Amino acid sequence: MDIFDYNSANTGTDAPSLPSSFLSLVDTLRDTSSLSGDEGDSSSSSKLDSSTRAMCYLMKRFIATKPNSLLPFLVSRNGLIDTTVEVLVMLLTSSGTNNNNRESAANTSISCTASNSSSSASQDIREMAGKELLTIIGSNSYLCQKIRTKPGMFSSLPLSLTIPRLLSSTASASSSNGVSSAKASSAACTVLTDIVERYAATNADMLAKILIDELSKYDEGASKGQSKTERSPEHDYPMISSNALCAKFTGSWRRSLLENPARESNAYANILVEIGNIMFQIPQSSVPLTLFGAIVGDGSDIQGLLSKNQGASCHCEARIFRVTLDLLELSLDKLKKSTGTSRQSLPTPNLFSRLSPLLLLRRIPSSYFRTLHRILIGTRHQSDNKRAVRMINELSDFLVARLDVETKGHHQHITFTAEERQLSAELAARCLPFVGWRKQDVNENLEVGESLNCCFDRVCAPAFTELLESRFGPSDCSMEETFKRARAAVYAACHYVSVAEDNENGIGIFGILAFVLKVISIEPTDNQGNAYDGHLIQLQTGCIDFITLCLISCVQRQLQCEQDREGGSRLSNGPLVQELSTLNEVKKSDSTSTGSIKTVRMALIEVFSLVIDIITTRKMRNNSGDVDFKSFVRKNNQRREQVSQGETIEFSPTARTCLLNSFILASQRCQPSQLTLLARKCLPKTIDWALGGRIDSDIRHPLCIAAALQMTFVLVTRSKSLDVLENGSGQTRKDWVRRTHKWSLAAIKGVVTSDSPYAISSMRLAALKLILALVSIDQNVFSENGGCLSPSEIVETFSVLRGAANVDEEPAMRKLACHILEAIQKY
């Protein structure tokens, strides 16, 4: 008789009749496991000896004959100790069947039905074992160790069984701290990653659906704010959002599907496309977009992948190219269905449905589209290049229609929401090349009959040209629409500055700057009405934001470059960035306009220097090698006026104040670690300019001085240190404090020939605020012993402050001066 044949055992409602050999084996396994640690003990051995494993195998054979009764008995008798876990793992990973099934299979007359029944029985055993293991995946150390060496042990189980339990284990572990929680979360993440790797290429639709269904349940519980005691057992989900839960494991999915050459090349694209499809089906739910965004990440790790050895870089780049094209095609199909083929129809009234393809495209990292653009001018993936160019051009048509920036056909208006217009402007900067590549620049194998559409040519140039034309002649459309299109184009340019890679062609930034400088130079005119002035001020605000972003981006990129030279982290924007730290280095490395192009980083450094020069000299020389003030309108042959090469362009105090406001905003918005570099790049020239002569109504206008003082005040107060006044030019910190103090006193007491009381009042108040900042940050500034000021300077300061506190006409000046005097006397 086969010792594993228990078909003759009692199958009634009572416990099965078990022989002593089985019970003895159960007890032996319990005693053997207790030698290495109790149940749940973290010190439990990660490896069983061969004799113990042999006994586990015998137990597995016993259970396989009658799993419905023997498996629960083992678990209830011994608990989930190491040997029990080992038996369960053997049952889960076993591909064979029991002895009786094997004997039946040997019979040549076996029917197909019997074979299917045998396979079904084996699967039932695996599911029983898997359910037991999934309940302890977050608490059993021995199982965690087994998962590390065999992460695919759960691959035979249905996704509807494994994914909910693995997500629950991860969520529960996230709600507690400690080493055991970290191990539990790591084990669940390992199994989830293995499942995604196996199913993404072949069953991505089912995988995506189950993931989204389960993640939605966590958001539902969190949104209701229910505690565990308030929820029914079937809805007992830990209090964690789907966003936080996705962040636990999706990074490992991305790295595996992109890096591992053993994985199917289409797996990464498949899972993202299926998530996108579900997002379009339920656009009102945020979970699909959350999962999509968590998987693709922010793109910051892409350059690290692409900079590896050539083989790894090529297959990673190919997968990024593939997924970008597939997602672009998916979104374009949805755009066509939601907006129709006619520009005058909107067949989809649901705003969520119309926004969903735009939101999906915006969530794709800009580095993915930059990779696609780079490949288009290379020789790789030639069979897909034509398809890529076609889709980029189609996307540009959709975006232009939503922004309505083309001057032709304005009578065919479509009503798009503000959200659609904003998203379209962002996508124009993210998805399209910012400056165009003509047919002769693209891979010659493309055989494309048209140019590759770009953001500057399709969005910026038409809107800017139309606005400038309206200033010098009649326009065929309303003033409000003209300004709205220009604002949308400036917004797109602002977004581009924040996502552009260092080594991209930066010539487009000069074209935007040319328009921006023109707009901030326009003075409001009463004869065109208040409506015109209101639209102009809104556009000028957008132009100030563009310059602000250029300043911050320049400092950020240069700081990253300096850290890299000092042995810091790798540049986030790739290895091709030229490490240039000064404008002189840029000019040395750059050639003429007909030679090599200027990169984005080189362009931003020039913009920074140019803006400082305009502020301090009020002039800009229109040389062919520098920024051409009217270049982009002349390029499009839309401007009646022509500017001779070498002409000097002057800027009004109002325009220069706008530029200084950009520096104030940059000082307020930049990261604390960037303040010192920003100050080092702008303060020396600014202070030299302010102390270079008397305050007047021209080059040192009170409004400009007030803005410069406010900029210095923000830099000093945000950094909470006077060290920002040092610039490495050889002068000490004490020298720069004295110069700043002298500048402030001159602004308070100086004789000003200006017809603007507001400008004078603003300047004097800003000067007092800067003196207060100097005192508050370093109380020794006014100390006679070891202070930064000489005795005569201290006497002069007290005299000026007492005069302002006692007899000044401005109440705000008197109040602030009294406060400063109290602070100085206190210290």
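Residues numbered from 1 in each chain as written. Predicted model: local features only at pLDDT ≥ 70, side-chain atom pairs only at ≥ 80, totals over all residues. Heavy atoms only, no water.

### With respect to the overall build of the protein
- In terms of helices and strands, the protein carries 34 helices and two strands.
- Taken across its 827 residues, the protein has 53% of its residues classed as buried.
- Long-range pairs, those at least 24 residues apart, make up 74% of the contacts in the protein between residues at least 6 apart in sequence.
- Only carbon and sulfur atoms are counted for the fraction: they give 49% of the accessible area of the protein, which is about 36200 Å². (Helix = DSSP H or I, 4+ residues; strand = E, 2+ residues; numbered from the N terminus. Buried < 20%, exposed > 50% of the residue type's maximum accessible area, 1.4 Å probe, protein only. Contact = heavy atoms within 4.5 Å. Areas by Shrake-Rupley, 256 points an atom, 1.4 Å probe, with all protein chains shown as cover.)

### Some points on the packing of helix H2 (residues 50–65) against helix H4 (residues 82–93)
- Packing of H2 against H4 brings their axes to within 9 Å, and their N-to-C directions diverge by 55°. Comparing their axes, H4 and H2 come out oblique. In the crossing of H2 with H4, the sense of the turn from one axis to the other is right-handed. Of the residues in H4, those touching H2 at Thr52, Arg53, Cys56, Tyr57, Met59, Lys60 and Ile63 are Thr83, Glu86, Val87, Met90 and Leu91.
- Of the residues contributing to the contact of H2 with H4, the split by class is seven nonpolar, two polar and three charged. (Axes fitted to C-alpha atoms, helices over the stretch in contact; angles between N-to-C directions. Parallel < 35°, antiparallel > 145°, perpendicular 65-115°, else oblique. Left-handed = near helix turned anticlockwise from the far one by under 90°. Nonpolar A, V, L, I, M, F, W, Y, C, P; charged D, E, K, R; others polar.)

### Notes on the pattern of salt bridges
- All chains considered together, the criterion is met by 33 salt bridges.
- Across the pair Lys146 and Glu86 runs a salt bridge whose closest N-O atoms are separated by 3.4 Å. Of this pair, Lys146 sits in helix H7 (residues 141–149) while Glu86 sits in helix H4, and the two are 60 residues apart along the sequence.
- Relative accessible area serves as the criterion here: at 2%, Glu86 is assigned to the buried category.
- For Arg680, the salt bridge is made with Glu562, and the minimal N-O distance between the two is 3.2 Å. (Salt bridge = Lys/Arg side-chain N within 4 Å of Asp/Glu carboxyl O.)

### Describing the nonpolar core
- Counting 244 residues, the largest nonpolar core has Met59, Phe154 and Phe546 as its most contacted members.
- Top element by residues in this core is helix H24 (residues 529–565). It accounts for 13 residues. (Core = buried A, V, L, I, M, F, W, Y, C linked by side-chain atoms within 4.5 Å.)

### Let's talk about the packing of helix H26 (residues 600–617) against helix H29 (residues 675–690)
- Relative to each other, H26 and H29 sit at 20°, their axes nearing to 10 Å. Of the possible angle classes, the one that applies to H26 and H29 is roughly parallel. The handedness of the crossing between H26 and H29 is right-handed. For the pair H26 and H29, the contacting residues are Phe608, Ile612, Asp613, Ile615 and Thr616 in the first and Leu678, Lys681, Cys682, Lys685, Thr686 and Trp689 in the second.

### As for unusual backbone geometry
- With a phi angle near 55°, Asp404 is a residue other than glycine that sits in the positive phi range.
- Positionally, Asp404 belongs in the loop between helix H19 (382–403) and helix H20 (418–431).
- The class of Asp404 is buried, set by a relative accessible area of 11%.

### Re H20
- For H20, built from 14 residues, the straight-helix expectation of 20 Å at 1.5 Å per residue is met to within 8% by its first-to-last C-alpha distance of 20 Å.
- Most of H20 is tucked away: eleven of the 14 residues are buried.
- Of the positions making up H20, those classed as buried are Glu420, Arg421, Leu423, Ser424, Ala425, Glu426, Leu427, Ala428, Ala429, Arg430 and Cys431. (Expected span 1.5 Å × (residues − 1).)

### Some thoughts on the packing of aromatic side chains
- A full pass over the atoms with the stated rule returns seven aromatic pairs.
- With 5.3 Å between their ring centres and 75° between their planes, Phe22 and Phe62 make a pair best called edge-to-face. Here Phe22, found in helix H1 (residues 20–36), pairs with Phe62, found in helix H2; they are 40 residues apart in sequence, far enough to count as distant.
- Here a set of aromatic residues connected by ring pairs shows up, and it is made of Phe22, Phe62 and Phe73. (Phe/Tyr/Trp six-rings, centres within 6.5 Å; stacked < 30°, edge-to-face > 60°.)

### Regarding the side chain of Ser256
- Relative to the assigned elements, Ser256 resides in helix H12 (residues 250–259).
- Judged by its relative accessible area of 11%, Ser256 is buried.
- If we skip the residues at most four places from it in the chain, Ser256 touches Thr193, Glu197, Arg263 and Arg319.

### Digging into helix H8 (residues 159–174)
- For H8, which comprises 16 residues, the first-to-last C-alpha distance of 22 Å matches the rise-based estimate of 22 Å (1.5 Å per residue) to within 8%.
- Taken together, the buried positions of H8 are occupied by Leu159, Leu161, Thr162, Ile163, Pro164, Leu166, Leu167, Ser169, Thr170, Ala171 and Ala173.

### Focus on the confidence of the model for the protein
- Model confidence for the protein is summarised by a mean pLDDT of 78, while 73% of its residues fall at 70 or above.
- For residues 624–630, every residue scores under 50 in pLDDT, and the model assigns this stretch 21 contacts once sequence neighbours within four places are set aside.
- pLDDT under 50 marks residues 632–644. Its contacts with residues more than four places away, or in other chains, come to 31 contacts. (pLDDT = per-residue confidence, 0-100.)

### A word on the environment of Ile375
- Positionally, Ile375 belongs in helix H18 (residues 366–376).
- Taking relative accessible area as the criterion, Ile375 reaches 1% and is therefore assigned buried.
- Separated by ten residues in sequence, Ile375 and Asn385 place their C-alpha atoms 8.1 Å apart.

### What to know about the state of the cysteines
- If you walk through the whole model with that rule in mind, you get zero disulfides.
- Residue Cys682 stays outside any disulfide, its sulfur separated by 9.4 Å from that of Cys670, the closest cysteine.
- Judged by relative accessible area, Cys682 falls into the buried class, the value being 0%.
- Just so you know, Cys704 is unpaired, no disulfide at all, and the nearest cysteine sulfur is the one on Cys658, 9.6 Å from it. (Disulfide = S-S within 2.5 Å.)

### Some thoughts on the environment of Val459
- Counting through the fold element by element, Val459 comes out in helix H21 (residues 455–472).
- For Val459, a relative accessible area of 1% gives the class buried.
- If we skip the residues at most four places from it in the chain, Val459 touches Val400, Leu403, Val405, Ala428 and Ala489.

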